[in-house]
Number of protein chains: 2
Amino acid sequence: MSTRVDHEQRRAQIAEALLRIADTQGLQAASMRVVAAEAGVSLRLVQYYFHTKDELLMDALARLSAQLQVRMQKWIAAAGSPPNPRSIVTAILSSILPTDAESRRITRTYAAYYTLVLSEPRLAEQHGTTYPDMLESFLAKQIRAARQSGDVSAERDPELTAAGLLAMTNGLGSSVLGGQRSGEAALAVLSHHLDELFGPAAATDLSPR
Amino acid sequence: MSTRVDHEQRRAQIAEALLRIADTQGLQAASMRVVAAEAGVSLRLVQYYFHTKDELLMDALARLSAQLQVRMQKWIAAAGSPPNPRSIVTAILSSILPTDAESRRITRTYAAYYTLVLSEPRLAEQHGTTYPDMLESFLAKQIRAARQSGDVSAERDPELTAAGLLAMTNGLGSSVLGGQRSGEAALAVLSHHLDELFGPAAATDLSPR
DNA sequence: CAGGATCTGATACAACCGTATCACCAGTCT
DNA sequence: AGACTGGTGATACGGTTGTATCAGATCCTG
């Protein structure tokens, strides 16, 4: 059971290279050879650690998804103490919006995967497609809590509202990536809708640390 | 100035074939040869009418954009007489949502182009990127009118609200394409938010004719 | 009717793709 | 010590890509 090098580390090194290329040049530019060059290894090595390209693609996607989850956790944790539904919802949605370098990278890379999933739906099943649903119901739970405490009007349906907010955030992200508006402008749109959903209340602190 | 065949018709025939492939298999599957086969012509002919692949890609995108505009016009016209801001906004947004075969085709094809634009931003300038901005300000105008007639709360900023609604609709469209929810479910989310924006009033008639 | 523009077919090209193969080196285990 | 396995390099294979070239049709115009 002895290995000269750390497999996991090597796989990470290569997968990260793939993600870097997907971010800057799109997935269609990420050939095995280009990935190998970006990672600073030989083509053979890429083949050795990932028997097929699909395997590499899937592994990298899993890592990307993990990175996003870590980021969201960080933003939620920094959402203010004690955490209330509003700050949690605000933190989650803001963390998805491409406003800083990291989120822009993640969002752009996800977008690169998006069309791949559209033309190859089998990939969706393989990867945790259930994840966005979990996120949506988590948001709905927060909104329901806020509604019971009177911070949100009783007329709002929690599920529909959560779905709408998440979709809006994704749509805003797309427009930022497409260069149609700045990250700050997108955040302003989101904030306006959150102000309207919850009371016109408090200041909106953002970003962790 | 004599031509045996109608150039425009031939170009349309080929470009339509490209769009059909982009819809069903994604843009990366739309090679010159495949497009030629789909259009039922020889590879040489495709090259003859479109000197380069970029030219074909751009021409097809322009046609797609025109198709969407026609569809939106049709929906607006059928939005009810006399048209009021609410019905117009509802018509526009619903027409974008992938609920029927045509809109699903258009949305999916647009999505196929999306990542292409991300990795090759120069394409965006070439194409009418100003179009979504026009749409957004048109929506804002409708909302401002509804605000002045008292149908929309004065606290709503027309521009921010319009941007949010459009982004939400785009985001909902993405989730439908991704198989996360049905077109009807997306429409329910949108309707809920429109009900909340305008009064809880009238029935929501949709789809033309 | 000759001549030139318009249109179409067949085929070639160099580059790149994902994947596979063959050979070799360096450690570990029996 | 010797066989075996994990890790690595160089190179080749068949296929597909966008584009180019050479040839031959078909038709309008002078």
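**A word on the packing of helix H4 (residues 53-77) of chain A against helix H6 (residues 101-119) of chain A**
Two quantities define a packed helix pair, namely the angle between the helix axes and the distance between the axes. Residues and elements named next belong to chain A. For the pair H4 and H6, the least separation of the axes is 11 Å and the interaxial angle reads 140 degrees. Judged by the inter-axis angle, H4 sits oblique to H6. With respect to the hand of their crossing, H4 and H6 are arranged in left-handed fashion. Along the contact surface, H4 presents Leu57, Ala60, Leu61, Leu64, Ser65, Gln67, Leu68 and Arg71, while H6 presents Glu102, Ser103, Arg105, Ile106, Thr109, Tyr110, Tyr113 and Leu116. Residue classes in the contact of H4 with H6 are distributed as nine nonpolar, four polar and three charged.

**Focus: the pattern of salt bridges**
Using the criterion set out here, one finds 30 salt bridges over all chains in the structure. Between Asp59(A) and Arg11(A) there is a salt bridge whose closest N-O contact spans 3.3 Å. Linking Asp59(A) in helix H4 with Arg11(A) in helix H1 (residues 7-25), this pair joins segments that are 48 residues apart in sequence. Taking relative accessible area as the criterion, Arg11(A) reaches 21% and is therefore assigned partly exposed. Notably, a salt bridge pairs Glu196(B) with Arg156(A), separated by 3.2 Å at the nearest N-O pair. Of this pair, Glu196(B) sits in helix H10 (residues 183-197) while Arg156(A) sits in the loop between helix H8 (130-148) and helix H9 (158-177), placing the two residues on different chains. The exposure class assigned to Glu196(B) is partly exposed, which follows from its relative accessible area of 24%. Given a relative accessible area of 7%, Arg156(A) falls into the buried group.

**Side note on the domain arrangement of chain A**
Residues and elements named next belong to chain A. Splitting chain A by domain gives domain 1 (1-51) and domain 2 (58-197). Put simply, the middle of domain 1 and the middle of domain 2, counted by C-alpha atoms, are 29 Å apart. Across the contact, 11 residues belong to domain 1 and 11 residues belong to domain 2. It is Leu19, Asp23 and Leu27 that lose the most area in domain 1 upon contact with domain 2, and together they represent 56% of the buried surface on that side. In this structure, the connection of domain 1 to domain 2 is made through three salt bridges. Here Glu8 makes a salt bridge to Arg63, at a shortest N to O gap of 3.1 Å. Scanning the region where domain 1 abuts domain 2 turns up four residue pairs in polar contact (both at pLDDT 80 or more).

What counts, and where the lines are drawn
For every chain, the first residue of the written sequence is number 1, and numbering continues from 1 onward in sequence order. Working convention: letters from A go to chains and numbers from 1 go to ligands, in the order in which they are written. Only residues with pLDDT of at least 70 are given local features in this predicted model, and only at 80 or more are side-chain atom pairs given and counted; all residues enter the totals for whole chains, interfaces and linings. Neither water nor hydrogens contribute to the side-chain values; these are computed over all heavy atoms in the structure. To get an axis, a line is fitted to the C-alpha atoms, and for a helix only the part in contact is used. The angle between two axes follows their N-to-C directions and goes from 0 to 180 degrees. Strands are runs of DSSP state E lasting at least 2 residues, helices are runs of H or I lasting at least 4, and numbering of each runs from the N terminus. When an angle is under 35 degrees it counts as roughly parallel; over 145 it counts as roughly antiparallel; between 65 and 115 it counts as roughly perpendicular; any other value is oblique. In this scheme the crossing of two helices becomes right-handed for a clockwise turn of the near helix relative to the far one and left-handed for an anticlockwise turn of less than a right angle. Residue contacts are counted whenever heavy atoms from the two residues lie within 4.5 Å of one another. Lys, Arg, Asp and Glu make up the charged group, whereas Ala, Val, Leu, Ile, Met, Phe, Trp, Tyr, Cys and Pro make up the nonpolar group; the residues left over, Gly among them, are polar. For salt bridges, the criterion is a side-chain nitrogen of Lys or Arg within 4 Å of an Asp or Glu carboxyl oxygen. Only protein chains enter the accessibility calculation, which uses a 1.4 Å probe; a residue whose area is less than 20% of its type maximum is buried, one above 50% is exposed, and one in between is partly exposed. Segmentation into domains, and thus their bounds, comes from an automatic or database assignment. The term buried area denotes the loss of accessible surface (1.4 Å probe radius) that occurs when two parts are joined, taken as the sum for both partners. What qualifies as a polar contact is a pair of N or O atoms within 3.5 Å, subject to a donor-acceptor requirement within protein and to the restriction that residues adjacent in sequence count only when both atoms come from side chains.

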